[in-house]
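# Chains, contacts and geometry: an overview
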Amino acid sequence: MQGIKPDLTVSRSPWPQFVISIWHPLVIGWVKINSDGAWKHAKGVADFGVVFRDFKGYVLGTFSSNIDILSSVAAKVMAVIVAIELAWVRDWKHIWLEIDSSLVLDYLRFPLLVR
């Protein structure tokens, strides 16, 4: 692959970009977890929430809270921690965790990044 260089240019478009994705149901017995967090600079408070769904898409439960944390990334990490703790307590061992932050995903993959 000599001579081939990856295109590293980034272009921003004023138009939204759409990505086609196809939803596939989970395998029986699996639980899908959606989690998110946000930080309100003006108030200095963070909020996070978690939704648990079964393989048919039915809501098994939800959880939300606010916390005294000083960043949205920390709120998103806290959402993941609480989600995993609640799944463990309910004996949901097969989980599909969905998050919207590549930074949080990197923290989960490489815990040494967190200091």
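This text goes with the structure placed above it.
Quick look at the structure, then. This one's a predicted model, so the numbers in the text were calculated from it and none came from an experiment.

## Here we look at the packing of aromatic side chains
One pair of aromatic rings is described through two measures. These are the centre distance and the angle between the planes. For the structure shown, the criterion picks out two aromatic pairs. Where phenylalanine 48 meets phenylalanine 63, the ring centres are 6.1 Å apart and the plane angle is 40°; that geometry is what we call tilted. One end of the pair, phenylalanine 48, is in strand E2 (residues 45–53); the other, phenylalanine 63, is in strand E3 (residues 59–67), with 15 residues separating them in the sequence. Exposure remark for phenylalanine 48: the relative accessible area of 7% places this residue in the buried category. Relative to tryptophan 92, the ring of phenylalanine 52 has its centre 5.3 Å away and its plane inclined at 50°; by these criteria the two rings are tilted. Of the two residues, phenylalanine 52 sits in strand E2 while tryptophan 92 sits in the loop between helix H1 (72–89) and strand E4 (95–98), which places them 40 residues apart along the sequence.

## What to know about the pairing of E2
Residues in a regular strand point their side chains to alternate faces of the sheet. On E2, burial follows the alternation: Ala46, Phe48, Val50 and Phe52 on one face are buried, whereas Val45, Asp47, Gly49, Val51 and Arg53 on the facing-out side are not. Here nine bridges tie strand E1 (residues 31–40) to E2, and the two strands are oriented antiparallel to one another. Across the sheet, residue tryptophan 39 finds its bridge partner in E2, namely alanine 46. Adjacent in sequence and paired antiparallel, E1 and E2 are bridged by four residues, among which glycine 44 carries a positive phi angle near 70°.

## What about the nonpolar core?
Counting 10 residues, the largest nonpolar core consists of Val31, Ile33, Phe48, Val50, Phe52, Ala79, Val82, Ala83, Leu86 and Ala87. For this core, the secondary-structure elements that each account for two or more residues are E1, E2 and H1. Here this core takes five residues from H1, the largest share from any one element.

## Some words on the environment of aspartate 54
With respect to the helices and strands, aspartate 54 occurs in the loop between E2 and E3. Setting aside chain neighbours within four positions, we find aspartate 54 in contact with Trp30 and Leu60. In this structure the side chain of aspartate 54 is engaged in a polar contact, spanning 2.9 Å, whose partner is the backbone nitrogen of tyrosine 58.

About the criteria used
- Residues numbered from 1 in each chain as written.
- Predicted model: local features only at pLDDT ≥ 70, side-chain atom pairs only at ≥ 80, totals over all residues.
- Heavy atoms only, no water.
- Phe/Tyr/Trp six-rings, centres within 6.5 Å; stacked < 30°, edge-to-face > 60°.
- Helix = DSSP H or I, 4+ residues; strand = E, 2+ residues; numbered from the N terminus.
- Buried < 20%, exposed > 50% of the residue type's maximum accessible area, 1.4 Å probe, protein only.
- Pairing = 2+ DSSP bridges.
- Core = buried A, V, L, I, M, F, W, Y, C linked by side-chain atoms within 4.5 Å.
- Contact = heavy atoms within 4.5 Å.
- Polar contact = N/O pair within 3.5 Å; in protein donor to acceptor, adjacent residues only side chain to side chain.

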